[in-house]
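# Structure assessment
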Amino acid sequence: MIGAVVYRLRAEGAARVPVFHGRWLHGLFFKLMEEYSPELSAYVHEGLNVKPFTVSLLKGRWGKEEGGCCAVAKGETLRWRVTALREDVLQAALHVRAGDILQAGHLTLRVEAVKADGTEDSGVVDEMELVGAALASDRMAELRLRFLSPVAFRRDDKDYPMPDPVFIFSSLADKWQQAAMPVAMDRAWIREAASKAVLAEWQGGSRRVYFGGDRGMLSFSGRFNYDVTALDEEEQHALLLLAQFATFSGVGRLTGQGFGETRVAYR
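Residues take numbers from 1 onward in each chain, read along the sequence in its written order. Whole-chain, interface and lining totals are the exception, using all residues; otherwise, since this is a predicted model, local features are given only for residues with pLDDT of at least 70 and side-chain atom pairs are given and counted only at 80 or more. Here the side-chain values reflect all heavy atoms present in the structure, with hydrogen atoms and water set aside.

## A short note on the side chain of Thr 83
- Each helix is a run of H or I in the DSSP string that is no shorter than four residues. Each strand is a run of E no shorter than two, and both are numbered from the N terminus. Tracing the backbone shows Thr 83 in strand β5 (residues 77–84).
- Judged by relative accessible area, which is 1%, Thr 83 ranks as buried.
- Within the structure, Thr 83 has its side chain in polar contact with the side chain of Thr 54 (distance 2.6 Å).
- In protein, a polar contact requires one atom able to donate a hydrogen and another able to accept it; more generally it is a pair of N or O atoms within 3.5 Å, and residues adjacent in sequence count only if both atoms are side-chain atoms. A distance of 2.4 Å separates a polar atom in the side chain of Thr 83 from the backbone oxygen of Phe 248.
- Contact definition: two residues touch when any of their heavy atoms are within 4.5 Å. Residues contacting Thr 83, with those up to four places away along its chain left out, are Gly 3, Ala 4, Pro 52, Phe 53, Thr 54, Thr 247 and Phe 248. Under the scheme applied here, a residue whose accessible area is under 20% of the maximum for its type counts as buried, over 50% as exposed, and between as partly exposed, the area being computed with a 1.4 Å probe on protein chains only.

Structure, rendered in structure tokens:
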């Protein structure tokens, strides 16, 4: 089973929070795993190069940005989404209870609700159900990807802030294999299929995101629609499966630190 858990949170006090605070939330989720199982936390931290979870940035109303930070007022309601690509990691995420106190950097948060019931972008799914749904889909004209947080790729030794479908779906094929999902994904075949997808209508842009002192990466975000009419049925099914997986795995680099949060639609 894989899944997405959404926490409704309330700030226990005022705090200044970095605009891009994914590292705070990365650390918080490791604390949650350690509280659930120190052995699991240690294994994920030390034994896995690719982390089987993603964290979103906190969502809510923010004060005016100043000096790379925004103010969070006491009592402010926030939402935080965590996804898990292993069942034991998912159970760690679900172990959190209403009333628990969480500490993200300087921000103290009280859990008001934990959602995993299919509402508010949450939900738990069997991997084979994900495969079956993609294989049962009709032909598509367009695949629509919405990147809610910055997506970062590397091309050779440079940042590559472009919504290139070959990079997007190669990244997803790698994540699929790394997470030991059912059904083999041939990366070269996926790259060939993705190369036939054509960027159509889009709204977005690129920017440099600073996520630790002066450490930053060029990235992109926005809404990007891809014409997939040139793909055959098998290729469409494979790209749709990977796109739907992206809602759990994220796209690109550092998805465990708030990058690459993705939603998908198609027609």
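## Focus: the nonpolar core
- By convention a nonpolar core is built from buried Ala, Val, Leu, Ile, Met, Phe, Trp, Tyr and Cys residues, the set being connected through side-chain atoms within 4.5 Å. Among the nonpolar cores identified, the biggest contains 43 residues, and Ile 168, Phe 169 and Trp 176 are the most heavily contacted of them.
- Those elements that provide at least two residues to this core are β1 (2–11), α4 (127–135), β9 (142–151), α5 (165–178), α6 (187–194), β13 (215–227) and α7 (233–249).
- A total of nine residues in this core trace back to one element, the largest contributor, which is α7.
- With sequence-adjacent residues up to four places away left out, Phe 169 is seen in contact with Leu 143, Leu 145, Ile 190, Ala 194, Leu 239, Leu 242 and Ala 243.
- The next biggest cluster of nonpolar side chains, apart from the first, holds 33 residues, and it includes Val 17, Leu 25, Val 89 and Ala 93.

## Details of α7
- Between the first and last C-alpha of α7 there are 24 Å, a value that for 17 residues agrees with the 24 Å anticipated at 1.5 Å per step.
- In terms of residue burial, α7 counts as a mostly covered element, since 15 of its 17 residues are buried.
- With a side-chain oxygen positioned 3.1 Å from the backbone nitrogen of Glu 234, the residue opening α7 is Asp 232.
- Note on α7: the residue one or two positions beyond its end, Gly 250, has a positive phi of about 70°. Every helix has an expected span of 1.5 Å times one less than the residues it contains.

## Focus on the packing of α5 against α7
- Remark: α5 packs on α7, axes separated minimally by 9 Å, with the N-to-C direction vectors making an angle of 70°. Compared by their axis directions, α5 and α7 come out roughly perpendicular. Residue-level inspection shows Phe 169, Leu 172, Ala 173, Lys 175 and Trp 176 of α5 in contact with α7, the latter providing Leu 239, Leu 241, Leu 242, Ala 243, Phe 245, Ala 246 and Ser 249.
- Charged means Asp, Glu, Lys or Arg here, nonpolar means Ala, Val, Leu, Ile, Met, Phe, Trp, Tyr, Cys or Pro, and polar covers whatever is left, Gly included. Of the residues belonging to the contact of α5 with α7, the class tally is 10 nonpolar, one polar and one charged. Angles run from 0 to 180 degrees between N-to-C directions of axes, and those axes are lines fitted to C-alpha atoms, restricted for helices to the stretch in contact. Convention used here: angles under 35 degrees read as roughly parallel, angles over 145 as roughly antiparallel, angles from 65 to 115 as roughly perpendicular, and any remaining angle as oblique.

## Here we look at the packing of helix α1 (residues 22–36) against helix α3 (residues 87–94)
- Direction vectors running N to C along α1 and α3 enclose 95°, while the axes themselves pass 9 Å from each other. Looking at the two axes, α1 sits roughly perpendicular to α3. Two secondary-structure elements touch here, α1 through Phe 29, Met 33 and Tyr 36 and α3 through Asp 88, Val 89, Gln 91, Ala 92 and Ala 93.
- Grouping the amino acids of the contact of α1 with α3 by side-chain chemistry returns six nonpolar, one polar and one charged.

## Some thoughts on α1
- Helix length check: α1 (15 residues) gives 21 Å between terminal C-alpha atoms against 21 Å at 1.5 Å per residue, within 8%.
- Of the surrounding secondary structure, the elements contacted by the buried residues of α1 are α2 (38–47), β3 (53–55), β5, α3 and β6 (101–104).

## Describing the packing of aromatic side chains
- Pairs were defined over the aromatic rings of Phe, Tyr and Trp, the Trp ring being its six-membered one, requiring ring centres within 6.5 Å. Orientation was assigned from the angle between planes: stacked under 30 degrees, edge-to-face over 60, tilted for the rest. One pass over the full model with this rule turns up 12 aromatic pairs.
- Members of the aromatic cluster, connected to one another through ring pairs, are Phe 147, Phe 153, Tyr 160, Phe 167, Trp 202, Phe 220 and Phe 224.

## Thoughts on the state of the cysteines
- Whenever a pair of cysteine sulfur atoms sits within 2.5 Å, that pair is classed as a disulfide. Scanning the entire structure with this criterion turns up zero disulfides.
- Cys 69 forms no disulfide, and the closest cysteine sulfur to it belongs to Cys 70, at a distance of 7.6 Å.
- With relative accessibility at 9%, the residue Cys 70 sits in the buried group.

## Description of the pattern of salt bridges
- The rule for a salt bridge is simple: a side-chain nitrogen of Lys or Arg has to be within 4 Å of a carboxyl oxygen of Asp or Glu. Per the counting criterion, the structure on display carries 15 salt bridges.
- For the salt bridge of Glu 120 with Arg 8, the shortest nitrogen-to-oxygen distance reads 2.3 Å. A residue pair is termed long-range when its members are at least 10 positions apart, and Glu 120 in the loop between β7 (107–115) and β8 (123–125) and Arg 8 in strand β1 qualify at 112 residues.
- Given the relative accessible area of 33%, Arg 8 is considered partly exposed.
- For the salt bridge of Arg 86 with Asp 88, the shortest nitrogen-to-oxygen distance reads 2.7 Å.
- With relative accessibility at 28%, the residue Arg 86 sits in the partly exposed group.
- Salt bridges sharing common partners tie together Lys 59, Asp 121, Glu 261 and Arg 263.

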